[in-house]
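Structure at a glance
One letter stands for each residue in the lines below.
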Amino acid sequence: MDILWLGSRHGLNGFEQVAIVLVLVAAFISLLYAWWLRSTVLKKDKGTEKMQEIWNAIRVGADSYLSQQLKTILPLIGVLTVVMFLSVYVVPPSLEAREEFEAFGEQGIIFIIAVGRTIAFIMGASFSLIVGQWGMRMAVQANVRVASASRRSLNESLSIAYYAGTYTGMLTDGLGLLGGTLIFIIFGKAAPDALLGFGFGGTLLALFMRVGGGIYTKAADVGADLVGKVEKDIPEDDPRNAAVIADLVGDNVGDCAGMAADIFESYEVTIVSGLILGLALVAITGDLKWIVYPLIIRAVGVISSIIGTFTVPIWEKVNLPLLGKAHDAEEAMFRSYEVSSIFTVTISIFLAWLYANDWRLAALTAIGVGLAVAFNPLTSYFTSTKKAPVKEIVGSTKTGPATTILSGLSVGMESSVWALVVIAVSFIAGILLYSGDGAQYVLYAIAMIGIGMLSHTGNNVAMDSYGPISDNANGIGEMAWHDMEDENTLKARQIMADLDAVGNTTKAITKGVAIASAVIAAVSLFASYITDVGRVQTQLGMAIMDSIRVSDTRVFVGLLLGGALPWLFSSLSIRAVSRAAGQIVEEVRRQFKIPGIMEGTKTPDYAQVVGISTASAQKELVPLATIAVLMPLVVGLVLQVEALGGFLAGIILSGQLLAVFLSNAGGAWDNAKKSIEDEPRDLKNNTGKGSERHKAGVVGDTVGDPMKDTAGPALNPMIKVANLVSLLAAPIIVKYPMMRADGSVNIVVVIVAVALLAATIWAISRSKSPVKEL
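The shown structure was predicted, so the numbers you read here are calculated from the model rather than taken from an experiment.

Turning to the overall build of the protein, a few remarks are in order. For the protein, the helix and strand inventory stands at 21 helices and 0 strands. Radius of gyration (C-alpha) of the protein: 26 Å, near the 28 Å computed for a compact globule of 774 residues. By its C-alpha atoms, the protein is 80 × 60 × 40 Å across when sized along the principal axes. Nonlocal contacts in the protein, meaning residues at least 24 apart in sequence, comprise 83% of its contacts between residues at least 6 apart. In the form shown here, the protein has an accessible surface area of approximately 27000 Å², with 66% of it arising from carbon and sulfur atoms. For the protein, the distance from the average position of its 58 positive side-chain charges to the average position of its 66 negative side-chain charges is 3 Å.

Here is the structure:
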């Protein structure tokens, strides 16, 4: 039996060949399911003419932003494509590549790997772009349909919003699984040489979309809230506010396009690191289960997500024994996630028992799935309006904005500790399962936990995209029906408000899962880094680095610099939001002075604010990406390869703590503000909208907005960009040290290091410079 040459070329047995083909089939099923979801959503009506007019303004703004973003980043992608190709010519291909393609000779092998890595880079970047852009466009198509459906029923509105989000989730599943599996089929044991390009392409695009979308959405949101809610005491999404369209556009380019690309690259990177470490175990044991099992589990996860996401609208109709009907949209989503989890864990047990003959692989899958499930209640505890931390922040608004901010900071700090503890516990479980087999097996165990955690990416992305879709629908309804008070309209408004409230919780939860998955993916890449460096050192006849010694001064310096990078990155991104929000505040104030705007007889110039947000976001794309790409290269060239390992460790630890702190503090402030807005309005007793407590809550929310939606999420792809750049550059750094063995200095390396340092300084300076006023 020899399907697609899988037996003769890669040594797979009959079951493994069939399994790999079925993995490809699962990828295509995922894409077909996405197409079916899209067609189902697009069949729904788009509501009244007024609703479509508002929707069209959002659609044009979002499309224009993404088109401009693509023009900004394409030149850098072009340069890096050339670098990907040439990188293979600097250092000899791996022994696995030589073995896989020995019939083509030395130059033929180098050319094949160079072309493969380059095409994989383009494929990873393209897939990430497709997931982000197509997912966002689907969200834009869905929001007006959700608003229209709210006039009929809650279940129909929920179905449209969730299915539109699931479309993006299934694109993520299908394209991620398709790319990794095709690379394995083509390259076999040489797959790591190409997979690095695939992971780097996806991660780099995610960084662009996360940074740009995050700055855009929060600059508009902060500007709209400070003037509209605090100064003018008008509702959120009031059509008189000139920033309202930019705010709604921002939900799509930030929370939809940015988050979709972010989770997609985590999905990519975990399978990349899993296959790299699995192939290392294949070299030790000769057993291909270490690379076939994670691919099968990913395919099982795709089917699980399809089953789970399809059932969401059903839970509000079906009255189950003991459980009953789902009480709200949030419970329906959680039930669907549990269905997916049970299916994946059950199938993994049979696979581990009947195929791999190692029950521990099923245990690792279950730990990963359990880790994702654990982040639901953990994040919910620190950000939900029903829990003590948010209630504490609500109480602190009685004494003004200062105590509100202090209370939120403390909540964010504590949440970061417990998130790290949960991740550490999962790592300890992996250590206990495989510590007796050696360090290489433990590293693989960590990668498998990451693969298990992201096996339900379809569910995660669906829950996240649901948030901005329902938020936009609420905004469209607010703007289109602001002067209507009939019973049907009031009922529709309540349905959308309920869906929007659930969306805030699901967004916070998926941010927690995304951060945790980023950390696990980065740790897996970190393990791959040590393995890859050792492989190159073996080829060059050098002493092998099998560990990273923090007691070495150079390593400790690298650790310190790595720990500082997330703080610099967050500082620059928050500063960008602050500058843009300041401009938007001035512009909205100016427009409110125009006669007729406040009275509602004249339409504001929404395009002016959209232009400010777009210009501010575009300005930061190249500088921040440059910092993430070049800093590891500078550290590696100057302090050498072991210190670069310390640098990566510093990024992972500091980045995880900071990302969770920023995300959960912002989420807690947001829901504290919403708790006050849900109170009856009574200015004498200082309750409800317009009260001093509400204004303090709005201040806390505006401080938290760039933290939870810009700086915190942008750290996810930044951490992995630094890790992948280090993986790609490690062989070059090993082969061409700045200080040669004989004590002489390599002048070429010194010149390159100085040039890269100068470019990094330029990027920091460029990011800190003010954007030109329109």
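Moving on, there is more to tell.
Now for the packing of aromatic side chains. Per the counting criterion, the structure on display carries 15 aromatic pairs. Ring geometry for Phe 101 and Phe 187: centres 5.9 Å apart, planes at 80°, overall edge-to-face. Pair noted here: Phe 101 is in the loop between helix 4 (95–100) and helix 5 (105–149) and Phe 187 is in helix 6 (residues 154–187), with a separation of 86 residues, a long-range link. A relative accessible area of 8% means that Phe 101 is categorised as buried. A connected cluster of aromatic rings, assembled from ring pairs, spans Tyr 33, Trp 36, Tyr 163 and Phe 310. Looking at Arg 59, its charged tip hangs above the ring of Trp 55, at a distance of 5.7 Å from the centre. We note Arg 360 situated over the ring of Tyr 434; from NZ or CZ to the ring centre the distance is 4.0 Å.

Attention now moves to the side chain of Thr 81. Mapped onto the elements, Thr 81 comes out in helix 3 (residues 49–90). A polar contact of 2.7 Å, which involves the side chain of Thr 81, links it to the backbone oxygen of Ile 77. When residues no more than four places from it in sequence are discounted, the contact partners of Thr 81 are Thr 118, Phe 121 and Ile 122.

Our focus in this paragraph is empty space enclosed by the protein. Counted under the stated rule, the structure contains 3 cavities of 30 Å³ or more. Put simply, the largest cavity is a space of about 100 Å³. Along its surface, the largest cavity is lined by Asn 504, Lys 507, Ala 508, Lys 511, Ser 663, Asn 664, Gly 667, Asp 670, Asn 671, Lys 708 and Asp 709. It is helix 19 (residues 641–677) that contributes the most residues to the lining of the largest cavity, 5 residues altogether. Among the residues making up the lining of the largest cavity, the classes are represented as 1 nonpolar, 5 polar and 5 charged.

Taken as a whole, the second largest pocket holds about 720 Å³ of empty space. The wall of the second largest pocket is formed by 26 residues, among which Val 83, Leu 633, Ala 729, Ile 732 and Leu 756 lie closest to the centre. Among the elements that take part in the lining of the second largest pocket, helix 3 stands out by supplying 8 residues, more than any other. Looking at side-chain class alone, the lining of the second largest pocket contains 24 nonpolar, 2 polar and no charged residues.

For the rest of this paragraph, the subject is unusual backbone geometry. Here Asn 357, not a glycine, exhibits a phi torsion of approximately 55°, which is positive. Locating Asn 357 in the fold gives a position in the loop between helix 10 (329–356) and helix 11 (359–383). Residue classification places Asn 357 among the exposed residues on the basis of a relative accessible area of 68%. Of note, Asn 686 is a non-glycine position whose phi angle comes to about 60°, a positive value. For Asn 686, the position within the fold is in the loop between helix 19 and helix 20 (692–735).

By size, the foremost hydrophobic cluster in this structure holds 256 residues, and its most contacted members are Phe 200 and Tyr 529. In terms of residues, this core owes the most to one element, helix 8 (residues 244–285), which gives 21 residues. Apart from the residues lying within four places of it in its own chain, the contact partners of Tyr 529 are Met 545, Val 641, Leu 644, Gly 645, Leu 648, Ser 726, Leu 727 and Ala 730.

What follows concerns helix 16 (residues 487–539). Helix length check: helix 16, at 53 residues, gives a terminal C-alpha distance of 76 Å against a target of 78 Å (1.5 Å per residue), a fit within 8%. Within helix 16, 41 of the 53 residues are buried, which leaves it mostly tucked inside the rest of the structure. One or two positions beyond helix 16, positive phi appears at Gly 541, with a value near 70°.

Before going further, it helps to examine the packing of helix 12 (residues 388–396) against helix 19. In helix packing, the relevant descriptors are the interaxial angle and the interaxial distance, both defined with respect to the helix axes. For the pair helix 12 and helix 19, interaxial distance at closest approach is 9 Å and the crossing angle is 65°. Where helix 12 crosses over helix 19, the two elements pack in a sense that is right-handed. For the pair helix 12 and helix 19, contact is made by Val 390, Ile 393 and Val 394 and by Ala 668, Trp 669, Asn 671, Ala 672, Ser 675 and Ile 676, respectively. Within the contact of helix 12 with helix 19, the residues separate by chemical class into 7 nonpolar, 2 polar and no charged.

Summarising the element assignment, Ala 763 is placed in helix 21 (residues 747–768). Each C-alpha atom of the pair Ala 763 and Asp 233 lies 40 Å from the other, and the pair is 530 residues apart in sequence. Once residues lying within four places of it in the same chain are set aside, the contact partners of Ala 763 are Pro 623, Thr 626 and Ile 627.

It is worth spelling out the pattern of salt bridges at this point. Within this structure, the stated rule accounts for 26 salt bridges. The shortest N-O distance in the salt bridge between Arg 151 and Asp 45 comes to 3.6 Å. With Arg 151 in the loop between helix 5 and helix 6 and Asp 45 in the loop between helix 2 (14–42) and helix 3, this residue pair connects regions lying 106 residues apart in the sequence. The class for Arg 151 is partly exposed, based on a relative accessible area of 29%. Overlapping salt bridges bring together Lys 218, Asp 221, Asp 670, Lys 673, Lys 674, Asp 701, Asp 705, Lys 708 and Asp 709 as one network.

This next bit is on the side chain of Thr 457. Residue placement: Thr 457 occurs in helix 15 (residues 457–480). Of the polar contacts made by the side chain of Thr 457, one reaches the backbone oxygen of Leu 454; its length is 2.6 Å. Leave out the neighbours within four places in its chain, and Thr 457 touches Gly 169, Thr 172, Asp 173, Ile 263, Tyr 267 and Ser 305.

The next thing to look at is the environment of Trp 359. With respect to the helices, strands and loops of the structure, Trp 359 is situated in helix 11. Since its relative accessible area comes to 60%, Trp 359 is described here as exposed. Along the backbone, Trp 359 and Ile 186 are 173 residues apart, and their C-alpha atoms lie at a distance of 30 Å. Trp 359 has contacts with Ala 352 and Leu 433, leaving out every residue within four places of it along the chain.

On the surface, a cluster of nonpolar side chains totalling about 300 Å² of accessible area is made up of Val 18, Leu 22, Val 25 and Ile 29. Looking at the element boundaries, Val 18 is found in helix 2.

Two elements in contact, helix 17 (residues 553–592) and helix 19, have axes whose closest approach is 6 Å; the angle formed by their N-to-C orientations is 35°. Both helix 17 and helix 19 take part in a crossing whose hand is right-handed. Residue-level contacts link Arg 554, Val 555, Gly 558, Leu 559, Leu 561, Gly 562, Gly 563, Leu 565, Pro 566, Trp 567 and Ser 570 of helix 17 to Glu 642, Ala 643, Gly 646, Phe 647, Ala 649, Gly 650, Ile 651, Ser 654, Gly 655, Leu 658 and Leu 662 of helix 19. Class assignment for the residues of the contact of helix 17 with helix 19 results in 12 nonpolar, 8 polar and 2 charged.

What counts as what
- Residues numbered from 1 in each chain as written.
- Predicted model: local features only at pLDDT ≥ 70, side-chain atom pairs only at ≥ 80, totals over all residues.
- Heavy atoms only, no water.
- Helix = DSSP H or I, 4+ residues; strand = E, 2+ residues; numbered from the N terminus.
- Rg over C-alpha atoms; globule rule 2.2 N^0.38 Å.
- Contact = heavy atoms within 4.5 Å.
- Areas by Shrake-Rupley, 256 points an atom, 1.4 Å probe, with all protein chains shown as cover.
- Lys, Arg positive; Asp, Glu negative; His and termini not counted.
- Charge placed at Lys NZ, Arg CZ, Asp CG, Glu CD.
- Phe/Tyr/Trp six-rings, centres within 6.5 Å; stacked < 30°, edge-to-face > 60°.
- Buried < 20%, exposed > 50% of the residue type's maximum accessible area, 1.4 Å probe, protein only.
- Lys NZ or Arg CZ within 6 Å of the ring centre and 35° of its normal.
- Polar contact = N/O pair within 3.5 Å; in protein donor to acceptor, adjacent residues only side chain to side chain.
- 1 Å grid on protein atoms, 1.4 Å probe; cavity = no way out; pocket = protein on both sides within 12 Å on 5 of 7 lines; lining within 4 Å.
- Points joined across faces, edges and corners; volume = space filled by probe spheres on them.
- Nonpolar A, V, L, I, M, F, W, Y, C, P; charged D, E, K, R; others polar.
- Core = buried A, V, L, I, M, F, W, Y, C linked by side-chain atoms within 4.5 Å.
- Expected span 1.5 Å × (residues − 1).
- Axes fitted to C-alpha atoms, helices over the stretch in contact; angles between N-to-C directions.
- Left-handed = near helix turned anticlockwise from the far one by under 90°.
- Salt bridge = Lys/Arg side-chain N within 4 Å of Asp/Glu carboxyl O.
- Patch = residues over 30% accessible without salt bridge, like charges linked within 9 Å, V, L, I, M, F, W, Y side chains within 5 Å.

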